[in-house]
Amino acid sequence: MKRRDLLKSTVGLAAAGTLSAPMLLPTPAYAQAGYRAEYNMSLVVGPPFPWGLGGQRWAELVRERTQGRINIKLHPGASLVGGDQTREFTAIRQGVIDLAIGSTINWSPQIRALNLFSLPFLMPDHRAIDALTGGEAGRDIMGLLERSGVVPLAWGENGFRELTNSKRAIRTPADMRGLKFRVVGSPIFLEVFTALGANPTQMSWADAQPALATGAVDGQENPLTIFTVARLHTVGQKFVTLWGYVADPLIFVANREVWNSWSPADRDIVRAAAVEAGRHNIQLARAGITGSDRAVLEQIRGLGVEITELNDAQRNAFREATKPVFDKWSEQVGRDLVAKAQAAIAARG
Ligand code: X2X
């Protein structure tokens, strides 16, 4: 008998008055402590995306180390919110979602400071991301999440979002003119793409793939690991430009009530497992695209995709064109936080 069924039948017998106390069936420890048989975890993409593999690792470590007291089931596709990934954060707060690994982009409609990571050309490399998440800016953001009612546990990474399309190689903002791009659900993305002369349209990841397949949109932006695992070359994406304009970290969180229902020892386990799974996820997100390890780029070239790398002058043209958006959104994010981030990036090792 499954634990949940056991619990139900025990309760049923007791309610029907057929069971005299003490109960004949042992009550599982988790039931006494108010634990549930299963907890849900929301993510936009599951395994084998690095994001999903991070979630899988988190669930495995927790199950093992709590001896099955805490069982977590992955719900990829933001399915707990009907695929609308921009509603994920609200659903965590409301308790529809127990645990989540979410992109800073998808939660930015509720927590405006998360647009920090979407400021165009703020972070030049992976060390810059680490300088933010591992420094004062990261602590400030975790504090904001905490005060907004969730329990933040660890950082992960989706990655640097590169530009892809079905029409032509993009080397200058002018090359983007007239092209339709699917963008994610934060208004800053609409403004960045509009500033570059393109036609952006906002949609969920679930809607993006059919839109690319039918040609309703010409292009999109996502980390290269999303490109390879989702096989975006099969939906016409034949041109990739490595512009590294933004990167989205992931954040591991728990619903506060769920968190409070666990013993302090179990909370420690869940938190430590999130940190470990986050490290694993970041490693996977960067494999093949960092330093001398270019395996993912070679893999994509091998699919018949043309990869354009920008030199500094070319990248600067995109930076200049999007500077008004950077400035406007720095206000939204908070000048102090942006200044801290810039200082941390300047001082990175
Ligand atoms: O929707 C996207 O592009 C994705 C999968 O990268 C996010 O959830 C931010």
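Residues numbered from 1 in each chain as written. Predicted model: local features only at pLDDT ≥ 70, side-chain atom pairs only at ≥ 80, totals over all residues. Heavy atoms only, no water.

Trainee: Can you walk me through the overall build of the protein chain in this structure?
Mentor: From N to C terminus, the protein chain includes 15 helices and 11 strands. For the protein chain, the C-alpha radius of gyration of 22 Å lies close to 20 Å, the compact-globule estimate for 349 residues. Considered along the principal axes of its C-alpha atoms, the protein chain spans approximately 80 × 45 × 35 Å. Burial analysis of the protein chain (349 residues in total) assigns 53% to the buried set. Long-range pairs, those at least 24 residues apart, make up 72% of the contacts in the protein chain with a sequence separation of at least 6. (Helix = DSSP H or I, 4+ residues; strand = E, 2+ residues; numbered from the N terminus. Rg over C-alpha atoms; globule rule 2.2 N^0.38 Å. Buried < 20%, exposed > 50% of the residue type's maximum accessible area, 1.4 Å probe, protein only. Contact = heavy atoms within 4.5 Å.)

Trainee: It is not clear to me how the pattern of salt bridges should be interpreted in this structure. Could you clarify?
Mentor: As a working rule, side chains carrying opposite charge can pair if their charged atoms are close by. Going through the model one piece at a time under the given rule, you end up with 21 salt bridges. Salt-bridge contacts for aspartate 125 lead to arginine 127; the nearest nitrogen and oxygen are separated by 3.2 Å. In this structure, arginine 161 and aspartate 248 form a salt bridge, with 3.2 Å as the shortest nitrogen-oxygen distance. On the criterion of sequence distance, the pair formed by arginine 161 in the loop between strand E4 (150-160) and strand E5 (162-165) and aspartate 248 in strand E10 (residues 247-255) is long-range, its members being 87 residues apart. (Salt bridge = Lys/Arg side-chain N within 4 Å of Asp/Glu carboxyl O.)

Trainee: Explain the side chain of threonine 104 here, please?
Mentor: Note that threonine 104 resides in helix H5 (residues 104-107). Discounting chain neighbours no more than four positions away, the residues touching threonine 104 are Leu114, Phe117, Trp155, Asp248, Pro249 and Ile251.

Trainee: Could you clarify how one ought to interpret the site of the ligand in this entry?
Mentor: Surrounding the ligand, one finds Val44, Trp51, Gln85, Ser103, Asn106, Asn158, Arg161, Arg182, Val184, Trp205, Asn222 and Asp248. Asparagine 106 places a side-chain nitrogen or oxygen 2.9 Å from an oxygen atom of the ligand. At 2.9 Å, a side-chain N or O of arginine 161 approaches an oxygen atom of the ligand. Bound to the protein, the ligand loses 100% of the 270 Å² it would expose on its own. A majority-of-atoms criterion places the ligand in the largest cavity. Among the residues forming the shell around the ligand, the class breakdown is 4 nonpolar, 5 polar and 3 charged. Both domain 1 (21-158 + 249-286) and domain 2 (162-246 + 294-346) contribute no fewer than three residues apiece to the shell around the ligand. (Near = heavy atom within 4 Å. Polar contact = N/O pair within 3.5 Å; in protein donor to acceptor, adjacent residues only side chain to side chain. Areas by Shrake-Rupley, 256 points an atom, 1.4 Å probe, with all protein chains shown as cover. 1 Å grid on protein atoms, 1.4 Å probe; cavity = no way out; pocket = protein on both sides within 12 Å on 5 of 7 lines; lining within 4 Å. Sits in = over half its atoms within 2 Å of the grid points. Nonpolar A, V, L, I, M, F, W, Y, C, P; charged D, E, K, R; others polar. Domains from an automatic or database assignment.)

Trainee: I'm lost on the sheet that holds strand E1 (residues 39-42) in this one. Help?
Mentor: Backbone-to-backbone hydrogen bonds join strands into a sheet, with any given pair of strands oriented parallel or antiparallel. The 5 strands are arranged E2-E1-E3-E10-E4 in an open sheet whose pairing can be described as mixed. Pairing within the sheet leaves two strands with one partner each, and these edge strands are strand E2 (72-75) and E4. In this sheet, adjacent strand axes meet at a mean angle of 20° when their direction is disregarded. Both E1 and E2 contribute to a ladder of 4 bridges, which runs parallel. Counterpart to asparagine 40 in the pairing with E2 is lysine 73. Along the sheet, helix H6 (residues 126-133) makes contact with E4 and E10, crossing E4 at roughly 170°. (Pairing = 2+ DSSP bridges. Axes fitted to C-alpha atoms, helices over the stretch in contact; angles between N-to-C directions.)

Trainee: Mind showing me how you'd approach the environment of alanine 169 here?
Mentor: Relative to the elements of secondary structure, alanine 169 occurs in the loop between E5 and strand E6 (180-183). When its relative accessible area of 12% is taken as the criterion, alanine 169 is described as buried. Sequence separation between alanine 169 and leucine 116 is 53 residues, and the spatial gap between their C-alpha atoms is 28 Å. Once residues within four sequence positions are removed from consideration, alanine 169 is found in contact with Asp175, Phe239, Glu306 and Thr308.

Trainee: Sorry if this is basic, but what is going on with the pairing of strand E8 (residues 219-222) here?
Mentor: Both faces of the sheet carry side chains from a regular strand, because those side chains alternate between them. Taking every second residue as pointing to the same face, both faces of E8 are buried, with Gly219 and Glu221 on one and Gln220 and Asn222 on the other. Where E5 meets E8, 4 bridges bridge the pair, whose relative direction is antiparallel. Within the sheet, the bridge partner assigned to asparagine 165 lies in E8 and is glycine 219. Where E6 meets E8, 2 bridges bridge the pair, whose relative direction is parallel. Residue pairing in the sheet places arginine 182 in a bridge with glutamine 220 of E8.

Trainee: Is there a simple way to think about the layout of surface pockets in this case?
Mentor: In this structure, the largest pocket occupies an estimated 580 Å³ of space. Together, 23 residues line the largest pocket, and Pro124, Phe160, Glu162, Gly244 and Arg315 are the ones closest to its centre. In terms of residue count, the dominant contributor to the lining of the largest pocket is helix H14 (residues 312-333) (4 residues). When grouped by side-chain class, the residues that make up the lining of the largest pocket number 11 nonpolar, 5 polar and 7 charged. Counting contributing residues per domain, the lining of the largest pocket is built from domain 1 (21-158 + 249-286) and domain 2 (162-246 + 294-346), each supplying no fewer than three. (Points joined across faces, edges and corners; volume = space filled by probe spheres on them.)

Trainee: Would you mind showing me how to read the domain arrangement of the protein chain here?
Mentor: Structurally, the protein chain comprises domain 1 (21-158 + 249-286) and domain 2 (162-246 + 294-346). Just the C-alpha atoms count here: the centres of domain 1 and domain 2 sit 26 Å apart. Counting residues at the interface gives 33 residues for domain 1 and 35 residues for domain 2. For the domain 1 and domain 2 pair, buried surface summed over both sides reaches about 2,900 Å², with 73% attributable to carbon and sulfur atoms. On the domain 1 side of the contact with domain 2, Leu119, Pro120 and Phe121 bury the most area, a combined 26% of that side's loss. (Buried area = accessible area lost by both parts, 1.4 Å probe.)

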